[in-house]
Each structure stands twice: as C-alpha cells, then as structure tokens.
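# A closer look at the structure
What follows is each chain in one-letter form.
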Amino acid sequence: MALDEAGLTPKDVDGLVKFSLENTMEVEIVRNMGIPNLAYFSDVAYGGGAGCGAVGHAAMAIATGVAETVVVWRARNRGSGGRPWATRASNKQPGEMQWFLPFGLSRPVDQIAMLTRRHMIEYGTTAEHLGHVAISVREHATRNPNAMMRKSMTMEDYLNVRMVSEPLRLYDCCLESDGALALVLTTPDRAASLKQPSVLVRAASQGIGPDHLVMANYFTPNPLDTPARYAAQELYRLAGMGPEDIDCAQFYDAFSPLIVISLEEYGFCKPGEGGPYAAEGNLKLGGALPSNTSGSSLSEAYVHGMNLILEGVRQLRGTSTSQVHDCENVLVTSGNGVPTSSLILRKP
Amino acid sequence: MSSQPLRPVPGPDDASEPFWEACARHEFLLQYCGACGAVRFPPRPMCPACNSFDSEWRPASGRGRIWSWVIAHPPVLPAFADRTPYNVIVVELDEGVRMIGNLLDVPNDQIAEGMEVEIAWEDVEDGVSLPAWRPAS
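Here goes a summary of the coordinates provided. (Residues numbered from 1 in each chain as written. Chains lettered and ligands numbered in written order. Predicted model: local features only at pLDDT ≥ 70, side-chain atom pairs only at ≥ 80, totals over all residues. Heavy atoms only, no water.)

### Quick word on the packing of aromatic side chains
Using the following cut-off: The pairing test for Phe, Tyr and Trp rings, Trp by its six-membered ring, is centres within 6.5 Å, and the orientation test on the planes gives stacked under 30 degrees, edge-to-face over 60, and tilted for anything in between. Burial classes: relative accessible area under 20% of the type maximum marks a residue as buried, over 50% as exposed, and values in between as partly exposed (1.4 Å probe, protein chains only). Only lysine NZ and arginine CZ atoms are considered, and such an atom sits over a ring when it is within 6 Å of the ring centre and within 35 degrees of the ring normal.
Tallied over the entire structure, the rule returns 16 aromatic pairs over all chains. Seen from their ring centres, F80 of chain B and Y86 of chain B are 5.4 Å apart, and the 25° between their planes marks the pair as stacked. Across this residue pair, the class does not change: F80 of chain B and Y86 of chain B are buried. Feature note: the residues W99, F100, Y218 and F219 of chain A together with F19, W20, F28, F41, W67, W121 and W133 of chain B constitute an aromatic cluster, connected by ring pairs. A cation over an aromatic ring shows up here: R138 of chain A above the ring of Y171 of chain A, its NZ or CZ 5.7 Å from the ring centre.

Right, dumping it as structure tokens:
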C-alpha cells in the first residue's frame, strides 16, 4: 500500500529496515513480494525506542548510496496478541528482569509510573498536569476519523478513571492495538518525481546514555535524565537547528508522562516544567507547540510510535486532521525511558 | 496441589550469582570494583569507571531511603493478583546505589519519599530469598 501510494512497486525496493522485535524476516518479505535484491537490510532494537532510528538507518543507507529505495515498517498484534512479559516458560527471570519482576514491577506502566512519581517528588508535577497532556492529545483525536478514541475527555473524566499503577491512571496509558505501517524512503531526486509530495529527513539520531538498561533505569545518578536527552543533543547538532525551529512535535506517548519528560529533554522547557507547559495549553492546536496532532498512542493507536512518524509526514504535506499552519519542521521522537531515537522532518 | 502461579524469581547469571546466593543466606552484599573500589549495581563483569574485571563482594548496610514507589492495580501478573493493590519501591541505599523491592508492613497511603527503611527478607521458594524492606527501627 505504501509503495502504491508512492507510485512504486516492490521491484523498486533495494533496502529494508525493521524493528528487531518484528516477527517477519526480510527473506519472507523478499520471497512474497518479489523483491529482486536487497542491497541493505538492518534492524533497530529496544521496542518503541526504535522507530525514528530505523528511519535514520534507511536515510543513511540512501545518503551513502548503499541503497536507493528503502522501506521501514512495523506490524504488530498488540491488541489481539499476547503480552511478552506474561508468557515466560519458567518463573526464573534472566538478565535485567531479575531485578524487576520478582518484586512485581512487571508492566511497562509500572516502570514508567516509578519515574513519574520521582518527577512529581522532584518537580511538583501533578495528576492534573498529566491530565492536561491526555486531554490535549484526545482533543486532536476527536478530529481524526482513524483514531480509536474520539470522544472528548474532561479533567473530571481523567481524574475519575481507574488507577493502573499509581500515580498513573488508565488514561495515562496508550491503547492496545493491532496495526501495521510502512514508510518509503528514497533519494530526494527520485522522490520529487513520485506521486506524493515528498518530505525530507533533516536529521535522525539515536541515544543510549551512560549505564542504561533495556527498560526504565533507576540505577543511574539521575534517572530523570533519560536517553532522550542524549538523542536530542545529537539531533539538534545534526540538524543545525534548535527547539525554537520546530513547528510541531509528535512525542512518543506510550504513557502521558513521557510527553512531559520529552518536552524537557528536547528543550521546549526547563527540567521540571513539562507539566505546567502542557497545562498552559501549549500542546493544543494553536498553542506554542502543537503536539501529537493525530491523537497518537494515547488516542489514535499504539503501533510502537510508527504512527507518530506518519503524522509528521502528514503535517508537512498539509493533510493532518489537526493541521498546523505553515508547518515547516516537525520533531518526531521514539520511546523514552528506553534506548531511543528521534527525527526532524522538513518540507523540501 | 496449588494452582497459584509461581512468583517470578531471579534467574542468576555469572555476575549476579554471588548476590542471590548471599540473599539465600539472608546476607546482603554489594559488588565493588577490585581495582578502583567503585560500587556498582546491578552487578556486571566489568567496572564502568576503570574497566577492570576484578570485583569483590562486601557486606552492605541494608539501610536506605525510599526514592520512589508505585501502587500496582489489576490487571497484574497472575502470581501477584491476590496482592493488589500492592507497592513496589525503589530504595536508595546508604552506599549510593538504588534497588527495586517491596515495602512490608506499611499501608499504601503511608508510603512517603525519604522514608528510612532497613532490609528484611522474603523466603519465596526453596533456596530463594528476596531482599525486602521495612521501616527502619
């Protein structure tokens, strides 16, 4: 479908970049789609942290001439499929899970709730701050016919919904969705002759930072410094831009507090001010930084953040259902709290 | 006969085995670099400060403060279902490292940041004891 939309066929594809978590190997795609040769294939690990990094790998392969047309995809049955942390054969927990699961800190929501509580302790972030994040995102979803959650949400709705892992409520959590998305990347010259308006990758970065684990890490000197701080520094350096140049952002939002932390780490406000920044309405259309304009993981669908990248593309093509006026540069981020990545997309 | 799902327990590796073996004896040890003396947690083969593979295990104070906590509500792993809502805390030890655990004997609404705690033990399986925490005496 993505190739059709671009006016290309599988015969044009010579590169694939996938999430390491993908179940489908490149050879299966090649065999089923009739791709003549893959000159470049790679994958990026760390779940939701991977998406923007995968696009970065594709862009580097194209920029260096290793490949010309690369497809990046994510396909997942998270709604109907199992929970990876709930189906282990033995009750012995290997690797870093040995420090988490025996104590019942098992779900991603528990891991992020722990960081959220610390953010509240250090900076005075409140439930209402998180509520403003969830409500802003939902407001965008009400205009997106493809969003799964389109009913508008009040602060009362938010505060009264059940707790999942205090301090986080149900509406702080992303949806559980089945979904599949793909992006087609090619050279700017070739893109200019295709069916859709092209969008450029201005910069892509990845980051892990010191002493990190696969999941949320409470063991570093300052756990509220997540890998996103490192990805952000590299991203702005590579782009020759700063946060002031960004017209619109699509922040990875498996949980609402990740938007708060990202606002700080990507430099839109000081550490600790992400909650008040959201409460002032800055994330809404017409605010200082319209963010997550499709409804994103919290209200559109959760496909490991790949839908955030698609929404970034729509903003630059002028086809978002919450279109930002004169949108030139879009920031897209992947999962934070885990090894992460980010992108700046721009108009040609 | 129990149909109660087994509680997840640590799966020790080469680096963590001394820690869990000591826990089974209700001894609380931390890993230090054998060359530069830096403490590190979770345990690992190499010192990130000086890259030495030498390490030693020393008795730890077993005292610290609550750094953060969560209260888990359903749905949770089956092994924890009958405990909900239950706490999980992160303790900052006097030695400066942090560790995940459970706080015993304190109602959920009385858990507070900075609360002084000391080590307790939960014997969860034959030969497996987990460090747990209770208010410092």
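### Details of the interface of chain A and chain B
Note the threshold: When checking whether two residues touch, look at their non-hydrogen atoms; a contact exists if any pair is within 4.5 Å. Simply put, the buried area is the total loss of 1.4 Å probe accessible area from both parts when two parts are fitted together. The term salt bridge refers to a side-chain nitrogen of Lys or Arg lying within 4 Å of a carboxyl oxygen of Asp or Glu. Here a polar contact is recorded for every N or O atom pair within 3.5 Å, except that within protein the pair must consist of a potential hydrogen donor and a potential acceptor, and residues adjacent in sequence are included only if both atoms are side-chain atoms. Counting from the N terminus, the helices are DSSP H or I runs at least four residues long and the strands are E runs at least two residues long. Gly is placed with the polar residues, together with every amino acid not listed as nonpolar (Ala, Val, Leu, Ile, Met, Phe, Trp, Tyr, Cys and Pro) or charged (Asp, Glu, Lys and Arg). Any two strands are treated as partners once DSSP identifies two or more bridges connecting them.
Counting residues at the interface gives 34 residues for chain A, matched by 40 residues for chain B. Summing the contributions of chain A and of chain B, the shared interface buries around 3,300 Å²; its carbon and sulfur component is 60%. Broken down residue by residue, the surface that chain A buries against chain B is led by N91, W99 and F103 of chain A, which jointly contribute 24%. Joining chain A to chain B, the criterion identifies two salt bridges. Among the salt bridges present, the one from R118 of chain A reaches E113 of chain B, with a minimum N-O distance of 3.3 Å. Counting across the chain A and chain B interface gives 25 residue pairs in polar contact (both at pLDDT 80 or more). When contributions to the side of chain A that touches chain B are tallied by element, the ones reaching two or more residues are β4 (92–93), α4 (108–123) and β5 (163–166) of chain A. When residues in the side of chain A that touches chain B are grouped by element, the largest group, six residues, is from α4 of chain A. In terms of residue class, the side of chain A that touches chain B is made up of 18 nonpolar, eight polar and eight charged. Examined bridge by bridge, β4 of chain A and strand β1 (residues 9–10) of chain B share two bridges and lie parallel to one another. Among the inter-strand pairings, K92 of chain A is bridged to a residue of β1 of chain B, identified as V9 of chain B.

### With respect to empty space enclosed by the protein
Note the cut-off: Lining residues are those with an atom within 4 Å of a point, where the points come from a 1 Å grid over the protein atoms alone and group into cavities, where a 1.4 Å probe fits but cannot get out, or pockets, open sets with protein on both sides within 12 Å along at least five of seven lines. Grid points are joined across faces, edges and corners, and a volume is the space filled by probe spheres set on the points.
Scanning all chains against the criterion turns up two cavities of 30 Å³ or more. Considered as a void within the structure, the largest cavity measures approximately 50 Å³ in volume. L115, H212, N217, T220, P223, D225, T226, P227 and G337 of chain A together form the lining of the largest cavity. Within the lining of the largest cavity, the residues separate by chemical class into three nonpolar, five polar and one charged. Its volume calculated, the second largest cavity comes out at about 30 Å³. Together, W99 and F103 of chain A together with F19, W20, F41, M99, I100 and P131 of chain B line the second largest cavity.

### Examining unusual backbone geometry
For the peptide bond that leads from E166 of chain A to P167 of chain A, omega is 15°, which places it in the cis range. Within the secondary structure layout, P167 of chain A lies in the loop between β5 and β6 (168–169). Omega for the bond connecting T84 of chain B with P85 of chain B falls within 30 degrees of zero, at -10°, which places this linkage in the cis form. Here P85 of chain B is to be found in the loop between β5 (63–72) and β6 (86–93). The phi angle at D326 of chain A is positive, at roughly 50°, despite the residue not being glycine. Examined against the element boundaries, D326 of chain A turns out to sit in the loop between α12 (306–317) and β10 (329–333).

### Topic: the sheet that holds strand β11 (residues 340–346) of chain A
All names here are of chain A. Quick note on the threshold: Angles here are taken between N-to-C directions and fall from 0 to 180 degrees, while the axes themselves are lines fitted to C-alpha atoms, restricted in helices to the stretch in contact.
Pairing in this open sheet of four strands is mixed, and the strands run β8-β11-β10-β9 from one edge to the other. The open sheet terminates on both sides in strands that have one partner only, identified here as β8 (200–207) and β9 (248–250). Strand after strand, the sheet turns through a mean of 15° between neighbouring axes, direction not considered. Pairing between β10 and β11: five bridges, direction antiparallel. Counterpart to V332 in the pairing with β11 is L343. The sheet strands contacting helix α8 (residues 227–239) are β8, β10 and β11, and the helix crosses β8 at an angle near 145°.

### Details of the side chain of E311 of chain A
Residues and elements named next belong to chain A. Inspection of the secondary structure puts E311 in helix α12. Residue E311 is classed as buried on the basis of its relative accessible area of 1%. Side-chain polar atoms of E311 contact the side chain of T293, separated by 2.6 Å. Engagement of the side chain of E311 in a polar contact is seen with the side chain of S320, the distance being 2.6 Å. The residues touching E311, leaving out its near neighbours within four places in the chain, are Q250, T293, S294 and S320.

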